[in-house]
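Here are the chains, one letter per residue:
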Amino acid sequence: MMVPFLDLRVTDVSEREELLQAVNGVLSHGRIVLGPEVELLEEQVARECDRRYAVGVNSGSDALILSLRSLALPPGSEIITTPLSFIATANAIRLNGLVPVFADIGDDLNLDPESIAGLITPRTKAIMVVHWAGKLCAMDAIATIAKERGLIVIEDASQAYGASMGERKAGGFGLLGCFSMNSMKVLASLGEAGMVVTDDLELRDRLIALRYNGLVNREECHYVSHNGRLDTIQAAMLLVRLRRFASVIDARRNNASFYREHLKERVICPEETPGFRDVFYAYTIRSDRRDDLKRYLENRGIETKIQHPFLMPQHPAYRGSPGRYPNAERLVRMVLSLPVHEKLTFDQRHRVVDAVQGFFAA
Ligand SMILES: Cc1ncc(COP(=O)(O)O)c(C=O)c1O
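Because the structure is a prediction, the values reported are computed rather than measured. (Residues numbered from 1 in each chain as written. Predicted model: local features only at pLDDT ≥ 70, side-chain atom pairs only at ≥ 80, totals over all residues. Heavy atoms only, no water.)

**Q** Kindly report on the pattern of salt bridges, identifying the contributing residues and their values.
**A** By the definition in use, this model includes 17 salt bridges. Among the ionic pairs, R9 bridges to D7, the shortest N-O distance being 2.8 Å. When its relative accessible area of 55% is taken as the criterion, R9 is described as exposed. Of the residues examined, D7 reaches a relative accessible area of 14% and is grouped as buried. Notably, a salt bridge pairs D291 with R290, separated by 2.6 Å at the nearest N-O pair. (Salt bridge = Lys/Arg side-chain N within 4 Å of Asp/Glu carboxyl O. Buried < 20%, exposed > 50% of the residue type's maximum accessible area, 1.4 Å probe, protein only.)

Printed below as a string of structure tokens:
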């Protein structure tokens, strides 16, 4: 029997029933495009992130693309970001005619605030943080740099819905906070979905226009954009998923504690900073013998992932991009993500632990 990295089936009978009812509700009222569930979800997400506004969009990619577009930065402006992210982060920058500048990461795999200052130039306009694997970046230090140097902070919180530092939640730090709610994320739709949060009314209004072809009303286009609206059926199902969200995170955190307890002598395990609450989108261990370990686990039916085999600036489309990230170049060869999803059974997580221990004992 496999231990799958993810299990996207809806196996809980009551959840399935609630999801079907939610879809049924939309089929009955018929307001299919930007129906009332979109607004309800926006209100709830804004409240949970302690922001004034939330704008539902089609994906995390669109959340990033439209957020940057809403800022209307001069072409060629530089955006400092992490080298370790899904490529959508860098693509959103480049698609807006902006230049990603890659800073380094710390051992927590998040943007290292100390690596930012040396990369700031007169063209730098913003810092795009990514809360990697469900752990918040060191937002106090990053906010201080941003304030001192007059830079905007944008959060790619795609992997970190619900992660917190004290009372403050992911999406609650930047001028704009962006979420993916695709089916693999901790807060997961059953398809594609995303959200932008902000306290800025002007940006909110612009985002509402940008998510539908730049139209400010039915007739008038003020900005060049595309269709990036959040689907009503996905919003309806996300409202169900939000009601169950606390138990999803509890299960993931439980799995993470179990791994830490049993694996910390063998591999480098993720560490939760005091005062932080990580949501474990991924459980990323580090080992010098990563590739052998991955193969060993695979041969025992345990699916793992390297997130990611390349840093963003190592992709062919990004070669030659500015930046400096020696620690990231070292860490990317060591990272391996174990299954940590909420459906992992007691038996499955024991199998993971036994197999990792077996590898090192052998
Ligand atoms: C950090 C990060 N940014 C952006 C995205 C893009 O989100 P989406 O797949 O919803 O477009 C993802 C997820 O895939 C992600 O993990």
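**Q** Which residues make up the sheet that holds strand β7 (residues 168-169), and what values go with them?
**A** Across the sheet, three strands lie side by side as β7-β6-β10; this open sheet has antiparallel pairing. If you trace the sheet from one side to the other, it starts and ends with β7 and β10 (276-277), each paired once. Pairing of strand β6 (residues 164-165) with β7, which is carried by two bridges, proceeds in the antiparallel orientation. Residue pairing across strands places S164 opposite K169, the latter belonging to β7. (Pairing = 2+ DSSP bridges. Helix = DSSP H or I, 4+ residues; strand = E, 2+ residues; numbered from the N terminus.)

**Q** Describe unusual backbone geometry, with residues and values.
**A** The omega torsion of the bond from Q307 to H308 falls at 5°, within 30 degrees of zero and hence cis. The residue H308 is located in the loop between α9 (290-299) and α10 (326-331) in this model. Of note, the phi angle at F280 is positive, near 50°, even though the residue is not glycine. In this structure, F280 sits in the loop between β10 and β11 (283-286).

**Q** Talk me through helix α3 (residues 60-71); I want residue IDs and the actual numbers.
**A** Structural remark: α-helix, 3.6 residues per turn; residues separated by three or four positions point the same way. Helix length check: α3, at twelve residues, gives a terminal C-alpha distance of 17 Å against a target of 16 Å (1.5 Å per residue), a fit within 8%. In terms of residue burial, α3 counts as a mostly covered element, since ten of its twelve residues are buried. Within α3, the full set of buried residues consists of G60, D62, A63, L64, I65, L66, S67, L68, S70 and L71. Positive backbone phi, approximately 45°, marks A72, located one or two places after α3. (Expected span 1.5 Å × (residues − 1).)

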